[in-house]
Amino acid sequence: MAVTIEDLYRSYGILADAKDNLSQHKDAYQVIVDGVKGGPKEKRLAAQFIPKFFSSFPELADAAINAQLDLCEDEDVSIRRQAIKELPRFATGDNIPRVADILTQLLQTDDSAEFNQVNAALISIFKMDARGTLGGLFSQILQGEDIVRERAIKFLSAKLKTLPEDVMTKEVEEYVFAETKKVMEDVTGEEFVLLMRVVSGLRVLQTVNGRQQLVELVVEQAFLEQALNPADPDTVDRLLQCTRQALPLFSKNVHSTRFVTYFCEHVLPNLSALTSPVAELDIQLEVLKLLAEMSPFCGDMEKLEANLNMLFTKLLEFMPLPPEEVENGENSASEEPKLQFSYVECLLYSFHQLGKKLPDFLLDKVDAERLKDFKIRLQYFARGLQVYIRQLRVALQGKTGDALKTEENKIKVVALKITNNINVLIKDLFHNPPSYKSTVTLSWKPVQKAEAVALKRPSTEEMGSGGSTKKQISPQSRRDARQIYNPPSGKYSASIGNFNYEQRGGFRGGRGRGFGGRGNRSRGRIY
C-alpha cells in the first residue's frame, strides 16, 4: 500500500516527539523512506524528512541514501533540486566520500539551476571535510564517465582556489597534488591545462622545491626523452602546451635547461616542417617566442656549443644577405629580401642569452668565413632596421591616448618595440669582442614601468648613428654601397604582435585527442 501525505506527517510527528528514544521508532522512519515511492507531494516531503532523522538510524543508512538518490534522479526537476539541496545532511563520518561521489556524478546535469545547486552542495561538504570530499571527486575523475570527469576537473580548477586556508590545509593540498599526479598518468590536453591550474595554485607548492616538482610533472607530460615528429600536430600541440605550462614556473632557481635543450636539438632543426595544431597559428613564430621566453632561465647545458651553433645557424636563415648589384651599381631586378623582424627578435634574444654562457663563441667557435658572412647579414639587417624605426617613429609621433589604441597603431607600437630590441642586441654583437650585457624586454611581454616606451624623437644612439654600429655601416661610395632595404611605407604585418595561443581554443579535437585517448571506464550510476 502506497505511503500517503498523512502517513508521512504522522511518522514525522512520532519521530519529532521521540527525542532521545528515536532509535525505537525504526518503523516510522521506514515509512518516511518509503515515501519516495509515492506521488510528487509525498516525494517532496520525503526529500526533506529522510535527511532530518538520517543519523539516528545507522542500520537504515543505505536504504535512506538510496531513497534520496532516487529523488535526485526524479523526472520532476523541483523534486530533484529539493533532494540535491538536502544531500549535504547525509555527509557525516564515513559517508562524506560517498556523498561527494554522488554529487560529483550529479554534475552531469544540463539544468543550470540544478548544476549550481550541486556546486553549492559540494562546497558545503568541502567545508565539513575537505579530504573526504576530494576522495569522492577524485574517485569519479579516475573512474567516472567522461562528462562527469570533465566537469569534476573543471569544478576543482574553478573552486579550490576560492576555499580558505582552514579548509585547504597543508595536508589537504598535499593530497590534491598526490591524486592529481595519478590523474595525470592519462589525460587529454584540455584536462592537463586545467589540472596544472589546480596544482599551480596550491600554497604548499609556492616554494622553489614546489615549483621544481611542478616542472617535473610537466616534463613527464612533454615526452622530452622522445624525438619530435614535426608532421604530427598532436605531438607539436603537446609540446607547445607543456612548455606554456612550464614557463611561469621557471626562475633563476628553477631552470628551463631541459626544455631549451630539447628546442635546440629537436625543434629548431625541424622548424620549417612543424605542423600547426591551429590553423591561424604561425607555428614557427610561436615556437621561437617560447624558446626566447625560456632562455634566460637556462642553467648549465651539457651541449652548449652545439646548441649555440644550432641557434646561430637558424639565425642566419632569417637574416638575408644584401641583394647583389649589377655592374652599373644598381640592384639586380630580384626582389629585396624580406626582413622578418619578429623571428629575428626571438632568435637574437635566445642567442644573446645563451651566448652569455660561452662569450667566446663568435670569436673562437665560428670560422672566419662564416663570421664574415654573419657580419654582412647583421650589417644589412641593421640598416634596414633603421629605416623601419624611422618610419614607425614618424607614424606614431604626437599620438597619445585613444589614438594609440587603434588596431593599426597597436601593431606599430609593437613593431617599434621589436625593432628597438633587435637594434640593442645587434649593437651588442657588433662590439669587439661581442658583448652580452644589454637587457631588453621581449616585445610581447609587459613593459616594466621603468622601461615604459616613450614615443619621443630618438637620440642619435637609438638611431644607430653612434658607437661601433656607425663604423660597421658608415656611408660608402655609390658603387660600393649596398642599397639599404626600404620596406613599403605604412604596411605592417598584423602577425607582428603577440598571438595568445591559449585563447585560441587550446587543444585540437574532442575527448581523447591531444594527449592521447584514455581507456574506457565504467558507465552508469556507481553510487
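Note: the structure precedes this text.
Computed from a prediction, not measured in an experiment: that's the story for all the values here. (Residues numbered from 1 in each chain as written. Predicted model: local features only at pLDDT ≥ 70, side-chain atom pairs only at ≥ 80, totals over all residues. Heavy atoms only, no water.)

Student: Teacher, can you tell me more about the overall build of the protein chain here?
Tutor: Looking only at helices and strands, one finds 21 helices and zero strands in the protein chain. Split by element, the accessible area of the protein chain, about 25,100 Å² in all, is 48% carbon and sulfur. (Helix = DSSP H or I, 4+ residues; strand = E, 2+ residues; numbered from the N terminus. Areas by Shrake-Rupley, 256 points an atom, 1.4 Å probe, with all protein chains shown as cover.)

Student: Just to check I follow, could you spell out the pattern of salt bridges for this structure?
Tutor: When the charged atoms of two side chains lie near each other, side chains of opposite charge can form a pair. Using the criterion set out here, one finds 23 salt bridges in the structure. Of the charged contacts, one joins Glu190 and Lys154 as a salt bridge, the two residues approaching to 3.9 Å between their closest N and O atoms. With Glu190 in helix H11 (residues 189–200) and Lys154 in helix H9 (residues 146–159), this pair connects stretches of sequence that are 36 residues apart. For Lys170, the salt bridge is made with Glu174, and the minimal N-O distance between the two is 2.7 Å. You can see Lys170 and its partner Glu174 sitting in helix H10 (residues 170–183), four residues apart, about one turn around the helix. Of the residues examined, Glu174 reaches a relative accessible area of 38% and is grouped as partly exposed. (Salt bridge = Lys/Arg side-chain N within 4 Å of Asp/Glu carboxyl O. Buried < 20%, exposed > 50% of the residue type's maximum accessible area, 1.4 Å probe, protein only.)

Student: Can you help me understand the packing of aromatic side chains in this one?
Tutor: One pair of aromatic rings is described through two measures. These are the centre distance and the angle between the planes. Applying the stated rule across the entire model yields 15 aromatic pairs. Between Phe138 and Tyr175, the ring centres sit 6.4 Å apart and the planes meet at 85°, which makes this aromatic pair edge-to-face. Here Phe138, found in helix H8 (residues 130–143), pairs with Tyr175, found in helix H10; they are 37 residues apart in sequence, far enough to count as distant. Phe138 sits in the buried class, given a relative accessible area of 1%. Residue classification places Tyr175 among the buried positions, given a relative accessible area of 15%. (Phe/Tyr/Trp six-rings, centres within 6.5 Å; stacked < 30°, edge-to-face > 60°.)

Student: I keep staring at unusual backbone geometry and nothing clicks. Help me out?
Tutor: In this structure, Pro433 follows Asn432 across a cis peptide bond, with omega equal to 0°. For Phe223, which is not glycine, the phi torsion reads 55° and is therefore positive. Tracing the backbone shows Phe223 in the loop between helix H12 (208–222) and helix H13 (233–246). Accessibility expressed as a relative area gives 31% for Phe223, which makes it partly exposed.

Student: Can you help me understand the nonpolar core in this one?
Tutor: Nonpolar side chains tend to gather and get buried jointly when the protein is soluble and globular. With 159 residues, the main nonpolar core has Tyr29, Leu103, Leu362, Phe374 and Ile426 as its most contacted residues. No other element matches the eleven residues that helix H19 (residues 368–396) contributes to this core. Apart from the residues within four sequence positions on either side, Ile426 is in contact with Met319, Leu348, Leu378, Phe381, Ala382 and Leu385. (Core = buried A, V, L, I, M, F, W, Y, C linked by side-chain atoms within 4.5 Å. Contact = heavy atoms within 4.5 Å.)

Student: Can you walk me through the side chain of Thr180 in this structure?
Tutor: Position of Thr180 among the secondary structure elements: in helix H10. Side-chain polar atoms of Thr180 contact the backbone oxygen of Val176, separated by 2.7 Å. Beyond its immediate stretch of four places on either side in the chain, Thr180 contacts Phe138, Leu195 and Val199. (Polar contact = N/O pair within 3.5 Å; in protein donor to acceptor, adjacent residues only side chain to side chain.)

Student: Would you mind going over the state of the cysteines with me for this structure?
Tutor: A disulfide bridge is the covalent bond that connects two cysteines by way of their sulfur atoms. As enumerated under the stated definition, the model contains zero disulfides in all. Note on Cys298: no disulfide assigned, nearest cysteine sulfur contributed by Cys264 at a separation of 7.7 Å. (Disulfide = S-S within 2.5 Å.)

Student: Where do I start with the side chain of Glu86 in this structure?
Tutor: Examined against the element boundaries, Glu86 turns out to sit in helix H5 (residues 77–86). When its relative accessible area of 10% is taken as the criterion, Glu86 is described as buried. Sequence-distant contacts of Glu86, that is, excluding residues within four places in its chain, are made with Ala47, Gln48, Pro51 and Gln68.

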